[in-house]
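Coordinates in review
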Amino acid sequence: PHRPAPRLPPRLALLTGTLARAADDLWHTAILIVMIMVSFAGIGSWRFGNKYDEFGSFERSMQTEFELMFGEFLPFWGESREMQAFVVLYYMVMFMLILNFLLAIIVESYMQVRRYNEEIEYENEFLQDLSFSIVAWIYGRIRGWPKQKEIGRATQLLKGK
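To start, this report covers the structure provided alongside it.

**Structural notes on the pattern of salt bridges**
Side chains that carry opposite charge are capable of pairing whenever their charged atoms lie near each other. Applying the stated criterion to the full structure yields one salt bridge. Close ionic contact of Arg47 with Glu82 constitutes a salt bridge, the shortest N to O distance being 2.6 Å. Placement of Arg47 in helix α1 (residues 13-48) and of Glu82 in helix α3 (residues 81-119) is noted, with a sequence separation of 35 residues between them. Classification of Glu82 as partly exposed rests on a relative accessible area of 39%.

Here you go:
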């Protein structure tokens, strides 16, 4: 499982850990989204390009689909059964399937990172973690404790022996 960044408390690392854990799946989903949009753009250009400017070229079809994805609605979508079917299928595929895929990926990654964070023994409440960090920094300055980088280097040297 993904481990959160060592300098962040586990609860703060939950968001970054979730995104890092989901990155590979999100990348594959992005490829799937592009393939679906290209397919719908090809169909839209082929079927409606001679009738509607919004589908006049492949690039314009992609732009129209992008606008549809963000809530823009075609004013002429009800003029023909074919256009209605096209728009309804596009919305069903993009919103019902793809949105649920994205949600499932993020929720699964969040749950994995959260489970990992619950297993960590050093996790405390945020204010307690913050106060311990401040106290440790003050003690480190007063008592001349070594910096984290120095401790890391010394640990690596000990591992090498």
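**With respect to the environment of Ala22**
Topologically, Ala22 is positioned in helix α1. Classification of Ala22 as buried rests on a relative accessible area of 1%. Along the sequence, Ala22 and Leu102 sit 80 residues apart, while their C-alpha atoms lie 9.5 Å from each other. Ignoring anything within four residues of it in the chain, the contact list for Ala22 reads Ile105 and Ser109.

**Things to note about the packing of α1 against helix α2 (residues 58-69)**
A pair of packed helices is characterised by two quantities: the angle between their axes and the separation of those axes. In contact at an axis separation of 8 Å, α1 and α2 are set at 120° when each is read in the N-to-C sense. In terms of their interaxial angle, α1 and α2 are classed as oblique. Once α1 is placed against α2, the crossing between them reads as right-handed. The residues of α2 that touch α1, namely those facing Met37, Val38, Phe40, Ala41, Gly42, Gly44 and Ser45, are Phe58, Ser61, Met62, Glu65, Phe66 and Met69. In terms of residue class, the contact of α1 with α2 is made up of eight nonpolar, four polar and one charged.

**Describing the packing of aromatic side chains**
Per the counting criterion, the structure on display carries 13 aromatic pairs. Residues Phe40 and Tyr90 carry aromatic rings whose centres are separated by 5.3 Å and whose planes lie at 80° to one another, so their mutual orientation is edge-to-face. Pair noted here: Phe40 is in helix α1 and Tyr90 is in helix α3, with a separation of 50 residues, a long-range link. Tyr90 matches Phe40 in its accessibility class, with the two residues each being buried. Here the aromatic rings of Phe73 and Trp77 are separated by 5.3 Å at their centres, their planes lie at 85°, and the arrangement is edge-to-face. On the basis of relative accessibility, which here comes to 41%, the residue Phe73 falls in the partly exposed class.

Conventions and cut-offs
- Residues numbered from 1 in each chain as written.
- Predicted model: local features only at pLDDT ≥ 70, side-chain atom pairs only at ≥ 80, totals over all residues.
- Heavy atoms only, no water.
- Salt bridge = Lys/Arg side-chain N within 4 Å of Asp/Glu carboxyl O.
- Helix = DSSP H or I, 4+ residues; strand = E, 2+ residues; numbered from the N terminus.
- Buried < 20%, exposed > 50% of the residue type's maximum accessible area, 1.4 Å probe, protein only.
- Contact = heavy atoms within 4.5 Å.
- Axes fitted to C-alpha atoms, helices over the stretch in contact; angles between N-to-C directions.
- Parallel < 35°, antiparallel > 145°, perpendicular 65-115°, else oblique.
- Left-handed = near helix turned anticlockwise from the far one by under 90°.
- Nonpolar A, V, L, I, M, F, W, Y, C, P; charged D, E, K, R; others polar.
- Phe/Tyr/Trp six-rings, centres within 6.5 Å; stacked < 30°, edge-to-face > 60°.

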